[in-house]
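Understanding the architecture of this molecule
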Amino acid sequence: MTSCHLVLGAAGLLLLIGLVMVFSASAIEAALADEPAWAPGVKQLVLACIGLVAMGVALRLPVSLVRRWSPIALVVVVALLLLVLIPGIGLERNGARQWISLGVTDFQPSELGKLVFALWGAHVLALRERYLTTSSLLVPVLPVFAVLSLLLIAEPDFGGTVSLGLVLVGLLWAGGMPLRWFGAFAGAAGLAMVIMVKAAPYRMERITAFLDPFADPTDTGFQAIRGMYALATGGLWGVGLGNSAMKWNILPEAESDYIFAIIGEELGFLGCLVVVTLYGVLAYAGFRIARRSADRFVQLACVAITVWLIGQATMNMGYVVGLLPVTGVTLPLISAGGTSLILTLFIVGLLARFALSEPAAVEALRTAERGRLSRLLLPAPTTAVDQVRPRRFPGEAVDERPVVGSVRTLLHARGTTPRRTPARTENSARAAAPARPRPAARTAPARGTAGAPAPRQRPVGSRGRSGGER
């Protein structure tokens, strides 16, 4: 159960830090806008509660159900990405049409697209695992990635495209892509970025602001410079929780994109170090689940999701400290947001659910005495892999039996526990013993042959021992 505890513990602490920092970073801006200072924080708390419910649902989802519905979910995501581009349906903010209004909050289809692409890609690669080559690894995944990327660029959502690329890298890496191909992909990605920068002047402004933010401190470099000032003011210990000066409508997007700068200002370098450490624990737990799992789909999905989450966190913290260009991605579990927070908590629940499919975790859930809350949140599966063997290729026979017969079989295969042979009863031993060969029938020699035994004479009227005359 270590992997499950690490995922839930690290994600829970990050969520707690995020709620506190959103309350702190958004209160002043809300008050200046003649709104209750607590309104943004309460909204984030409500969204977090909805996300916790989604996490609980993900904890009880069978892996086979997630895998079976991933192709249908991909079709739904493509339809939503097309709908968001239609004026009147998609909401436009800051020149980008990325949201669909749901009344209470705004839904961002690109966030759902990353998760669905990770699950669908893991499903397809797991289907082709037996006959997987470089071409079969690229053909099903790369064209779908290209279609989704074009739809995201049309919004435009450059940060979402980069995050989707992280999912692709995780899938190809876990699928066994040779390292030399990643160099070719890096070159192709660099060429695509050059074309995109040439096509949109505002992307060139981001590159120049990254290279020299002080060249235009009042426009393109304004946000980057204020973020650096916030980190520098915090120092080692910080100025104290709630005492940030940059959140007084000085640092744009202080509660979302640049919340890491507010953490550095109020909690100092030690607060930032705690956040980075928690993301490191989450990364370790995700890769640990992939390494210990017996299901290929779980392995691929865990690596893709972990690379995506940790890569997105790295990008956010990287451009806040000035090591990367500003891409506009949020800090998972910490930044203010609706769709991103709920889906991230759902992803955390999926990771914890995948951790429960480890052979040792299944054995612990089935044998250990647990409380009512533990039984409610962490179901005990009957087998280590609760799915059937998928169809490999058209025309191949399908084996509908479970991939793994029992938990003890998996543990014995992994070397965790020795196989126990049940006591053999007398009947089972007699049935298992090899059959004795029947002797060949002896033929009586012909009469008159030398040495032939004389035939036995029975008295006339004899009927044997049971009765009759003797």
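An unreviewed UniProt entry lists the protein chain under the name Probable peptidoglycan glycosyltransferase FtsW, with Blastococcus saxobsidens as the source organism. Of the comments in the UniProt record for the protein chain, the one headed Pathway (unreviewed entry) reads "Cell wall biogenesis; peptidoglycan biosynthesis." Heading Function (unreviewed entry) of the UniProt record for the protein chain holds this comment: "Peptidoglycan polymerase that is essential for cell division."

This part is about the overall build of the protein chain. Counting secondary structure elements, the protein chain contains 17 helices and three strands. Within the protein chain, the fraction of its 470 residues that count as buried is 45%. Total accessible area computed for the protein chain in this model is approximately 24700 Å², and 64% of it derives from carbon and sulfur atoms.

Another point: the pattern of salt bridges. Tallied over the full model, the rule gives four salt bridges. The partner of Glu111 in a salt bridge is Lys114, with the nearest N and O atoms 3.3 Å apart. You can see Glu111 and its partner Lys114 sitting in helix α4 (residues 109-127), three residues apart, about one turn around the helix. Residues Glu111 and Lys114 agree in their burial class; the two are buried.

When its volume is computed, the second largest pocket comes out at roughly 1000 Å³. Lining the second largest pocket are 31 residues, with Phe145, Thr161, Val162, Ala189 and Met193 positioned closest to its centre. The set of elements that each furnish at least two residues to the lining of the second largest pocket consists of α6 (141-153), α7 (158-175), α8 (179-199) and α9 (201-211). Here the lining of the second largest pocket gets nine residues from one element, more than from any other, and that element is α8. A class-by-class count of the residues in the lining of the second largest pocket yields 25 nonpolar, four polar and two charged.

Our focus in this paragraph is unusual backbone geometry. Working note: non-glycine residues mostly have negative phi, and peptide bonds are mostly trans. A cis amide bond links Glu155 with the next residue in sequence, Pro156, at an omega value of -5°. The phi torsion at Asn249 lies on the positive side, around 60°, for a residue other than glycine. You can see Asn249 is positioned in the loop between α10 (222-234) and α11 (259-292). Taking the relative accessible area as the measure of exposure, Asn249 reaches 56% and is therefore exposed. At Leu333, a position not held by glycine, the phi torsion is positive, near 75°. One can find Leu333 in the loop between α12 (296-320) and α13 (339-355). Using a relative accessible area of 4% as the deciding quantity, one classes Leu333 as buried.

Right, let's talk about α11 for a bit. Between its first and last C-alpha, α11 extends only 35 Å over 34 residues, short of the 50 Å set by a 1.5 Å rise per residue. Along α11, the sharpest kink reaches roughly 125°, centred on Leu267.

In this section: the packing of aromatic side chains. Enumeration according to the criterion identifies five aromatic pairs in this entry. Through a chain of ring-to-ring contacts, three or more aromatic side chains come together here, namely Phe117, Trp120 and Phe145. When the ring centre of Trp99 is taken as origin, the NZ or CZ atom of Arg93, which lies over that ring, is 5.2 Å away.

Moving on, we come to the packing of α4 against α7. Orientation of α4 relative to α7, taken along the N-to-C sense of each, is 20°, at an axis distance of 10 Å. With respect to α7, the axis of α4 lies roughly parallel. You can see that α4 and α7 cross each other, and the crossing is right-handed. Between α4 and α7, the contacting residues are Gly113, Lys114, Phe117, Ala118, Gly121, Ala122 and Leu125 on the first element and Gly160, Ser163, Leu164, Val167, Leu168 and Leu171 on the second.

Our focus in this paragraph is a nonpolar patch on the surface. Together, Phe23, Trp38, Val42, Leu45, Val46 and Ile50 make up an exposed nonpolar region whose accessible area comes to about 520 Å². Looking at the nonpolar patch, the element that brings in the most residues is helix α2 (residues 39-59), giving four residues. Assignment of secondary structure puts Leu45 in helix α2. Residue classification places Leu45 among the partly exposed positions, given a relative accessible area of 38%.

Let's shift gears to α13. If you check α13, its first and last C-alpha atoms are 24 Å apart, about what 17 residues at 1.5 Å a residue would give, namely 24 Å. Taken across its 17 residues, α13 has 17 buried, putting it largely inside the fold.

In space, the three strands of this open sheet follow the order β1-β2-β3, with antiparallel pairing throughout. Edge positions in the sheet fall to β1 (90-93) and β3 (106-107), since each of these pairs with one other strand and no more. The sheet contact formed by β1 and strand β2 (residues 96-101) spans four bridges and is antiparallel. Bridge pairing in β2 links Leu91 to Trp99.

Let us look at the side chain of Ser24. Relative to the helices and strands, Ser24 is located in helix α1 (residues 2-32). In this structure, Ser24 is in contact with Gly242, Lys247 and Glu266, ignoring residues within four places of it in sequence.

Each value, and the rule that gives it
- Residues numbered from 1 in each chain as written.
- Predicted model: local features only at pLDDT ≥ 70, side-chain atom pairs only at ≥ 80, totals over all residues.
- Heavy atoms only, no water.
- UniProt positions renumbered as here; feature names shortened; annotations may be inferred.
- Helix = DSSP H or I, 4+ residues; strand = E, 2+ residues; numbered from the N terminus.
- Buried < 20%, exposed > 50% of the residue type's maximum accessible area, 1.4 Å probe, protein only.
- Areas by Shrake-Rupley, 256 points an atom, 1.4 Å probe, with all protein chains shown as cover.
- Salt bridge = Lys/Arg side-chain N within 4 Å of Asp/Glu carboxyl O.
- 1 Å grid on protein atoms, 1.4 Å probe; cavity = no way out; pocket = protein on both sides within 12 Å on 5 of 7 lines; lining within 4 Å.
- Points joined across faces, edges and corners; volume = space filled by probe spheres on them.
- Nonpolar A, V, L, I, M, F, W, Y, C, P; charged D, E, K, R; others polar.
- Expected span 1.5 Å × (residues − 1).
- Bend = angle between axes of the 7 residues up to and from the residue.
- Phe/Tyr/Trp six-rings, centres within 6.5 Å; stacked < 30°, edge-to-face > 60°.
- Lys NZ or Arg CZ within 6 Å of the ring centre and 35° of its normal.
- Axes fitted to C-alpha atoms, helices over the stretch in contact; angles between N-to-C directions.
- Parallel < 35°, antiparallel > 145°, perpendicular 65-115°, else oblique.
- Left-handed = near helix turned anticlockwise from the far one by under 90°.
- Contact = heavy atoms within 4.5 Å.
- Patch = residues over 30% accessible without salt bridge, like charges linked within 9 Å, V, L, I, M, F, W, Y side chains within 5 Å.
- Pairing = 2+ DSSP bridges.

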